[in-house]
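A closer look at the structure
Below, each chain spelled out in residue letters.
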Amino acid sequence: MSAVLTLENVSKTIKGKKIINDLSLSVNEGEIFGLLGPNGAGKTTTIRMIVGLMGITKGDIIVSGKSVNKDFEGAVQHIGAIVENPEMYKHLTGYQNLRQYARMHKGITKQKINEVIKLVQLSERIDEKVRTYSLGMRQRLGLAQCLLHDPKLLILDEPTNGLDPAGIREIRDHLRMLTKEKQMSVIVSSHLLSEMEMMCDRIAIIQQGSLTDVQQVRGFVNDDLLDYFIETGSLNDAMDWLQTDWNAVITAQGFTIKAKKEDIPTLLKRLIDSDIAVYSANQIVKTLEDRFLEVTAQKGEIE
Amino acid sequence: MGKLIINEWIKIFRKISTSAMIGMLLLSVIGIGALFKYQEETNPMQDNPNWEQDIEAQITSDQENLTSIGGNNTQLKMHYERQIALNQYRLQHDIAPESEQHIWSFVGDAQPLISLAGLFTIIVAAGIVASEFSSGTIKLLLIRPINRMKILLSKYLTVLLFGVSMLAIIYLFSSIVGLILFGLPSSDVSHLAYSNGEVVERNVAINLVGEYFLSSIDLLMIATMAFMISSVFRNSSFAVGISLFLLFMGGTATMLLASRFEWAKYILFANTDLSVYFDGVPPIDGMTLSFSIFMLLVYFFIFHLFAFGVFAKRDVAA
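Only a predicted model underlies this, so the values are computations on that prediction, with no experimental measurement involved.

What about the overall build of chain A?
- Along its length, chain A carries 11 helices and 14 strands.
- Computed over its C-alpha atoms, the radius of gyration of chain A comes to 25 Å, more than 25% above the 19 Å expected for a compact globule of 303 residues.
- For chain A, the spread of C-alpha atoms along the principal axes amounts to about 80 × 45 × 35 Å.
- At a minimum sequence separation of 6, the contacts of chain A that also span at least 24 residues come to 67%.
- For chain A, the computed accessible surface area is about 14,400 Å², with 48% contributed by carbon and sulfur atoms.
- The centroid of the 37 positive side-chain charges in chain A is displaced by 11 Å from the centroid of its 40 negative side-chain charges.

Here we look at the overall build of chain B
- In terms of regular secondary structure, chain B is built from 14 helices and 2 strands.
- A burial count over chain B gives 45% of its 318 residues as buried.
- Looking at charge distribution, chain B has the averaged site of its 19 positive side-chain charges lying 27 Å from that of its 25 negative ones.

Examining the side chain of N207(B)
- If you trace the backbone, N207(B) turns up in helix 9 (residues 204-214).
- If we skip the residues at most four places from it in the chain, N207(B) touches H191(B) and R202(B).

So, the sheet that holds strand 12 (residues 249-251) of chain A
Residues and elements named next belong to chain A.
- Read from one edge to the other, the open sheet built from 4 strands follows the order 12-13-11-14, with strand pairing classed as antiparallel. On the outer flanks of this sheet lie strand 12 and strand 14 (278-284), each paired with one strand and no other. The sheet shows a mean angle of 20° between the axes of neighbouring strands, direction not considered.
- As defined by bridge partners, strand 11 (residues 226-232) adjoins strand 14 across 6 bridges and the pair is classed as antiparallel. Looking at the pairing, D227 lines up with I284 of strand 14.
- The strands touched by helix 10 (residues 263-273) are strand 11, strand 13 (254-259) and strand 14; relative to strand 13, the strand with the most contacts, the crossing angle is about 150°.

Regarding a nonpolar patch on the surface
- Together, F301(B), I302(B), L305(B) and F306(B) make up a nonpolar patch on the protein surface, roughly 420 Å² of accessible area in all.
- Note on L305(B): relative accessible area 54%, which makes it exposed.

Considerations on the interface of chain B and chain A
- Each partner contributes to the interface: chain B provides 27 residues, whereas chain A provides 29 residues.
- For the chain B face of the interface with chain A, the top three residues by lost area are I143(B), R144(B) and P145(B), together amounting to 25%.
- A salt bridge links E84(A) to K139(B); its shortest N-O distance comes to 3.6 Å.
- Our count for the chain B to chain A interface comes out at 15 residue pairs in polar contact (both at pLDDT 80 or more).
- Contributions of two or more residues to the side of chain B that touches chain A are made by helix 1 (2-13), helix 6 (113-135) and helix 7 (138-142) of chain B.
- In terms of residue class, the side of chain B that touches chain A is built from 12 nonpolar, 5 polar and 10 charged.

Here's the deal with the pattern of salt bridges
- Tallied over the full model, the rule gives 21 salt bridges over all chains.
- A salt bridge links E128(A) to R125(A), with the nearest nitrogen and oxygen atoms 2.8 Å apart.
- Between E132(B) and K11(B) there is a salt bridge, with the nearest N and O atoms lying 2.7 Å from each other. One end of the pair, E132(B), is in helix 6; the other, K11(B), is in helix 1, with 121 residues separating them in the sequence. Grouping residues by exposure puts E132(B) and K11(B) together as buried.
- Through salt bridges with shared partners, a single ionic network connects R48(A), E84(A), E87(A) and K139(B).

What to know about a positive patch on the surface
- A cluster of basic side chains, namely K90(A), K129(A), R131(A) and R14(B), defines a positive patch on the protein surface.
- Tracing the sequence through the fold places K129(A) in the loop between helix 4 (110-119) and helix 5 (135-147).

Some remarks on the domain arrangement of chain B
- By the assigned domains, chain B splits into domain 1 (2-45 + 101-313) and domain 2 (46-99).
- Distance from the C-alpha centre of domain 1 of chain B to the C-alpha centre of domain 2 of chain B: 32 Å.

Considering unusual backbone geometry
Residue and element names in this part refer to chain A.
- Non-glycine residue K15 carries a positive phi angle of around 50°.
- Given the relative accessible area of 85%, K15 is considered exposed.
- Positioned with a positive phi, Q208 is a non-glycine residue whose angle comes to about 45°.
- Locating Q208 in the fold gives a position in the loop between strand 9 (202-207) and strand 10 (210-216).
- Residue classification places Q208 among the exposed positions, given a relative accessible area of 56%.

Quick notes on the domain arrangement of chain A
- Assigned domains of chain A: these are domain 1 (3-221) and domain 2 (226-285).
- Summarising the inter-unit geometry, the C-alpha centres of domain 1 of chain A and domain 2 of chain A are found 47 Å apart.

Conventions and cut-offs
- Residues numbered from 1 in each chain as written.
- Chains lettered and ligands numbered in written order.
- Predicted model: local features only at pLDDT ≥ 70, side-chain atom pairs only at ≥ 80, totals over all residues.
- Heavy atoms only, no water.
- Helix = DSSP H or I, 4+ residues; strand = E, 2+ residues; numbered from the N terminus.
- Rg over C-alpha atoms; globule rule 2.2 N^0.38 Å.
- Contact = heavy atoms within 4.5 Å.
- Areas by Shrake-Rupley, 256 points an atom, 1.4 Å probe, with all protein chains shown as cover.
- Lys, Arg positive; Asp, Glu negative; His and termini not counted.
- Charge placed at Lys NZ, Arg CZ, Asp CG, Glu CD.
- Buried < 20%, exposed > 50% of the residue type's maximum accessible area, 1.4 Å probe, protein only.
- Pairing = 2+ DSSP bridges.
- Axes fitted to C-alpha atoms, helices over the stretch in contact; angles between N-to-C directions.
- Patch = residues over 30% accessible without salt bridge, like charges linked within 9 Å, V, L, I, M, F, W, Y side chains within 5 Å.
- Salt bridge = Lys/Arg side-chain N within 4 Å of Asp/Glu carboxyl O.
- Buried area = accessible area lost by both parts, 1.4 Å probe.
- Polar contact = N/O pair within 3.5 Å; in protein donor to acceptor, adjacent residues only side chain to side chain.
- Nonpolar A, V, L, I, M, F, W, Y, C, P; charged D, E, K, R; others polar.
- Domains from an automatic or database assignment.

So this is what it looks like as structure tokens:
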């Protein structure tokens, strides 16, 4: 897989304050890439640098082989983006807004505009003023605006901000469809973990302007070692070998351990052989949120 | 570039305020026409059979003034010299001062409305960059594969185009209204101009086009300044406020300074009225047309240096 976007040691300093510190990452073709981080971590600044709204203090950003520093027009023509809210000209209709953006790219036909309108399901209301649109409709019009010129890279900053669950689902389905059918790459930023978990293939965690971690979403959640809670009666002597061999944490109703799935039957057999009452054995599912807090907490301690 | 200007044009003309501006211009032309028509009806101007004697009397009085005052005050001297030359030309060529209202005199009378057109142009210039920032649409505008300079230039050209359209509306609509209310002149008329110590006759319609453009130079400069403030400070009310203040106060303040200090000739507003070099007297002795044009170009260049310099480098965080 080739990289559509590469950030090379990017730094951004505003008024002597380092907002982004030596950030490097790359986004592959056809993947949905998440930028995750608490508010003020530098997600939006990073996105603004990619699309050229902000200058890059140090380093470079390469989009489809073109440097944003040296060939801004060449680089940005492969990008479609919504930065923060999709702000449109409210006194124009949806269609007139799209015409505005179509005139700024080469070779966008009326057919193409209509095709995109159909894709985001705005056909019925497209000739009404944007002033009358709901937030969800503006979000969809914003998406239509990004798709007009068939970009290779779609950048959506907080795409689900202020949307209801149906709207969020809609955006998610659109993104899945675009990456599958058009081989587009997508970058989404968010501070909402559950949402990123459902949407993204890979997630980068940004904290205080630095990259903390990049992980596959599945791997991000699942380690080899899983957490289990075993509900038992009184442990008696078994307490000793559980703590030494398995590093178990003993509680009143039983204990928790970290173990591979295959080891659980062996463990249970040994417990039963020791005449200990075993009531249940459950895997503790670690959510992305737990992992996220774990990772960010570690980072916080280091600094 | 053409497409960018079309975009800006559409954005301006889809606004209700723009229709209101044009409506006000049209109404004002009709209003002035009605006023003049009413005046003409209530006390119709008579051809003065004794105009030659009157003008001769005027010349004698002007010459007296010229010898008594003109020696100390170069401006008044030029004023009287001009009056005398024009009047003598009338006597020699038997051209009576105009007394009837007709289409061209009305187009001339509509000239004060250029200030209104200027006001509207300043409002548009002040908003064209600032409003994109305040609405947040600047972000979607600047992530296109188009150089920022080109985007700003297209906005400036749109402002100029808007100003010229406003002038054209006044000129064309006042000629229509003038034609309907007052009709064509009964005899051939031409404009008498005093330039470089000589009196010349000019075609009225063309002379008026020239006058319209000359009297909008200060508006062009102030609109350019409003555009600069709009681009640098991203605040349209600030841009409108400062520009209107200077539009109304700048000229007066400069004239006050010009009577005392010679350096006042470097002030923008001392140079904006170029018509004095074609048909009148300059505010400060020794100022020439080329000096004024040079000063205007310097100001023009400085305004754009700020506007483009800041716009191209700015980190957009709106």
